Amino acid sequence: IINGQNISLENVSTSDENTKAVMVRTGGTTGRPKTVILTNKNLNEMANQHELGDYNFNKKDKFLNFLPPFIAYGICGATHMPLVLGLEDILIPKFDAKIFPKLMKKYSPNVVFGGPILYEKMMINKKTKNIDLSGFKVPVSGGDTMDIELERKINKKIKKNNCNHPVGQGYGMTEVSSSVCYSKENSYTEGSVGIPLINNSIAIFDVNTNEELTYNQEGEICIKTDTTMYGYLNNEEEYRKVIRTHDDGSVWVHTGDIGRISNNGNLFVVGRIKRMIVSNGSKIFPTTIENIISRNQQVLSCTVVGAKHKNLRTVPVAHIVLKEKNVNLEKLVSELNYEIKKELPDY
């Protein structure tokens, strides 16, 4: 603040929609972490989309905000947007799962944007057992994949605590100023991240040919929106990799995520291209295996990664966290193997 006292802002336009407004950091999912430049238009269009997007917001609703402002979700979706729409924005400087129940009791928020870990911690915290969530009308999860079993458990938990609104999963990325779609109540589908917000187009393209695919075909998720970033700071090469002009002249943001769109327009995220495991020529998405393992009542959480193999080059290996220590591991492994073999192809 002291260093800024002698800096003149006379030549900076605050009304031009193309004026560069903020710089935020990416998480590195599209490569190495980068700095993204967003404009006035990006931030205001994000707020506009949420206002028109049937989010169930009302002025003076309480928005409990755990998201840091140096990421797009923090500054665009959790600071600028709620203030523009007249919500009360309650800033929590540092997220601590241990105090989440206390904050919920203290503020009784109507809106929370958070990652799956926030809801997972709330679900297993004994202090939330009798917490009243009747005023909690917009629970949103984003920033990371929430497997379908965790989604079911969380919805069961919050409904038991008088919240009649399912956790809506959102989807987006820093390069499009945060979220571009959301699983709203009137379009809620289990396991889906929802339908596009107003003025956004989402399509699935063949990874190799850029050919647009049809319903229920898996390919790269691409986005066309007015919230597309101005650019990366001092990195034109990476910008051209992500923002691409197709043969018909349309400009799309290539997310690096694999997904599909159902017949009713809901987007399902299958996994990341870079996270895809190629085993003996077959393409395996870890999320598919994780969803099956997470259904088991003895499993708290799990992640599947690729490991080198002598004959198959790479194989998926599951790392599992159990709810309890006293578990018959041999029996559990047998159960999990049976479920995986029953539901998934041999490879």
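As shown above, the structure is provided for reference.
The notes below deal with the structure included here. The model shown is predicted, which means the values in this text are computed figures rather than measured ones. (Residues numbered from 1 in each chain as written. Predicted model: local features only at pLDDT ≥ 70, side-chain atom pairs only at ≥ 80, totals over all residues. Heavy atoms only, no water.)

Examining the pairing of strand E18 (residues 299-309)
The line we're drawing: A pair of strands is labelled paired if DSSP reports no fewer than 2 bridges between them. Helix numbering and strand numbering both begin at the N terminus, where a helix is a DSSP run of H or I of at least 4 residues and a strand a DSSP run of E of at least 2.
Looking at chain direction, E18 and strand E19 (residues 313-322) are connected through ten bridges and run antiparallel. Paired with Val305 across the two strands is Val317, which belongs to E19. In sequence, E18 turns back onto E19 through a hairpin of three residues.

Section: a nonpolar patch on the surface
The test is simple: A patch is a set of surface residues, each over 30% in relative accessible area and not in a salt bridge, joined within 9 Å for like charges and within 5 Å for the nonpolar side chains Val, Leu, Ile, Met, Phe, Trp and Tyr. Accessible surface area values rest on a Shrake-Rupley calculation with a 1.4 Å probe, where residue burial reflects the displayed protein chains alone. The salt bridge criterion pairs a side-chain nitrogen of Lys or Arg with a carboxyl oxygen of Asp or Glu, the two atoms within 4 Å.
Among the surface-exposed residues, Ile124, Leu300 and Val321 lie close enough to one another that they form a single nonpolar patch of about 230 Å² accessible area. Mapped onto the fold, Leu300 is located in strand E18.

Quick notes on the nonpolar core
Here is a general trend for soluble globular proteins: nonpolar side chains tend to be buried in one another's company. For the record, the criterion: We call a set of buried residues a nonpolar core when its members are Ala, Val, Leu, Ile, Met, Phe, Trp, Tyr or Cys and they connect through side-chain atoms within 4.5 Å of each other. Three labels apply to residues, based on accessible area from a 1.4 Å probe with only protein chains included: buried if under 20% of the type maximum, exposed if over 50%, partly exposed otherwise in between. The contact criterion used throughout is that any non-hydrogen atoms of two residues lie within 4.5 Å.
With 26 residues, the main nonpolar core has Leu38, Tyr171, Ile202, Ile223, Val253 and Leu267 as its most contacted residues. With three residues, the single largest contributor to this core is helix H2 (residues 72-84). When near neighbours in sequence (up to four residues on either side) are disregarded, Ile223 contacts Tyr171, Met173, Val176, Val180, Ser201, Ile202, Val251, Trp252, Val253 and Thr255. Listed in part, the 21 residues of the second largest apolar core include Phe66, Ile92, Cys163 and Val167.

Describing helix H1 (residues 40-52)
So the rule is basically this: Here, expected helix span is obtained from the residue count minus one, scaled by 1.5 Å.
Compared with an ideal rise of 1.5 Å per residue, which puts 13 residues at 18 Å, H1 spans 18 Å between its outermost C-alpha atoms and is within 8% of the ideal. Within the sequence span of H1, burial applies to Asn40, Asn42, Leu43, Glu45, Met46, Ala47, Gln49 and His50. Residues of H1 that are buried make contact with strand E1 (20-25), strand E2 (35-39), H2, strand E5 (111-114) and strand E8 (178-182).

Quick word on the sheet that holds E2
For the record, the criterion: Here, axes are lines fitted to C-alpha atoms. For helices the fit covers the stretch in contact, and angles between N-to-C directions go from 0 to 180 degrees.
Across the sheet, which stays open at both edges, the three strands sit in the order E1-E2-E12 with antiparallel pairing between neighbours. Whereas interior strands pair on both sides, the edge strands pair on one side only; in this sheet they are E1 and strand E12 (231-232). As paired elements, E2 and E12 share two bridges and run antiparallel to each other. Looking at the pairing, Ile37 lines up with Gly231 of E12. Packed on one face of the sheet, H1 meets E1 and E2 and runs near 75° to E2.

Details of the sheet that holds E5
By way of backbone hydrogen bonds, the strands of a sheet pair with one another, either parallel or antiparallel. Ordered in space as E4-E3-E5-E6-E7-E8-E9, the seven strands form an open sheet in which the pairing is mixed. Two strands lie at the open edges of the sheet, namely strand E4 (88-91) and strand E9 (195-196), each paired on one side alone. Bridge count for strand E3 (residues 62-65) against E4 is four bridges, and the pairing is parallel. When the sheet's bridge partners are listed, Phe63 is paired in E4 with Asp89.

Some details on the environment of Val253
Within the secondary structure layout, Val253 lies in strand E14 (residues 251-261). What makes Val253 buried here is its relative accessible area of 1%. In this structure the C-alpha to C-alpha distance between Val253 and Leu87, which are 166 residues apart in sequence, comes to 30 Å. Sequence-distant contacts of Val253, that is, excluding residues within four places in its chain, are made with Met173, Glu175, Val176, Ile221, Cys222, Ile223, Thr228, Val242 and Ile243.

Re the environment of Val305
Mapped onto the secondary structure, Val305 falls in strand E18. In this structure the C-alpha to C-alpha distance between Val305 and Met276, which are 29 residues apart in sequence, comes to 9.1 Å. Setting aside chain neighbours within four positions, we find Val305 in contact with Ile277, Val315, Pro316, Val317 and His319.

As far as function goes, none of this settles anything; it's purely spatial.
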